[in-house]
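Here are the chains, one letter per residue:
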Amino acid sequence: GVIQMADEIERIIVIPLRKTKQAPRTRRTNRAVKEVREHIARHMKADQDKVWIDASVNEALWANGIRNPPNKITVKAVKFDDGLVEVSLAVSE
């Protein structure tokens, strides 16, 4: 049959990373990465192991080192019809 590309859902999502402050400061950014994964999985209705976080997002989270991740991050999430969700940095215009 004809492959339809209309099954992709694309959303710009601002992820609050408040809970990261609860983590010990030597593990905060690791916690932030997990939170991004959980948040996207919840809001895009996907499994956590299907969430693919782009290197740009990872670098943005790690920009200030392990102890001081950003308070929130704006990402673009694209869900494909096979259930995979790709998370990349939202390009601000």
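Everything numeric in this text was worked out from a predicted model, so none of it was measured.

**Digging into unusual backbone geometry**
Part 1 of the reasoning: Positive phi, close to 55 degrees, is recorded for Lys45, a residue that is not glycine.
Part 2 of the reasoning: Along the chain, Lys45 falls in the loop between helix H1 (28-43) and strand S2 (51-53).
Part 3 of the reasoning: We classify Lys45 as exposed; its relative accessible area is 68%.

**Quick notes on the sheet that holds strand S1 (residues 9-16)**
Part 1 of the reasoning: Taken in spatial order, the four strands make up an open sheet running S1-S3-S4-S2, and their pairing is mixed. Sheet topology places S1 and S2 at the edges, where each strand pairs with a single neighbour. Averaged over all neighbouring strand pairs, the angle between strand axes comes to 30 degrees, with direction disregarded.
Part 2 of the reasoning: As defined by bridge partners, S1 adjoins strand S3 (residues 72-79) across eight bridges and the pair is classed as antiparallel.

**Digging into the pairing of strand S4 (residues 85-89)**
Part 1 of the reasoning: Bridge count for S2 against S4 is three bridges, and the pairing is parallel. Bridge pairing links Val51 to Val85 in S4.
Part 2 of the reasoning: Note that S3 and S4 share five bridges and pair antiparallel. What sits directly across from Val75, in S4, is Leu89.
Part 3 of the reasoning: Between S3 and S4, which pair antiparallel one after the other, the connecting turn spans five residues, and Gly83 there sits at a positive phi close to 95 degrees.

**Here we look at the nonpolar core**
Burial of nonpolar side chains together is a common tendency in soluble globular proteins.
Part 1 of the reasoning: Among the nonpolar cores identified, the biggest contains 19 residues, and Ile15, Val36, Ile40, Leu61, Ile73 and Val75 are the most heavily contacted of them.
Part 2 of the reasoning: If you list the elements that add at least two residues to this core, you get S1, H1, S2, helix H2 (55-62), S3 and S4.
Part 3 of the reasoning: Those residues in contact with Val36, other than ones at most four positions away along the chain, are Ile15, Leu17, Ile53, Leu61 and Ile73.

Parameters at a glance
- Residues numbered from 1 in each chain as written.
- Predicted model: local features only at pLDDT ≥ 70, side-chain atom pairs only at ≥ 80, totals over all residues.
- Heavy atoms only, no water.
- Helix = DSSP H or I, 4+ residues; strand = E, 2+ residues; numbered from the N terminus.
- Buried < 20%, exposed > 50% of the residue type's maximum accessible area, 1.4 Å probe, protein only.
- Pairing = 2+ DSSP bridges.
- Axes fitted to C-alpha atoms, helices over the stretch in contact; angles between N-to-C directions.
- Core = buried A, V, L, I, M, F, W, Y, C linked by side-chain atoms within 4.5 Å.
- Contact = heavy atoms within 4.5 Å.

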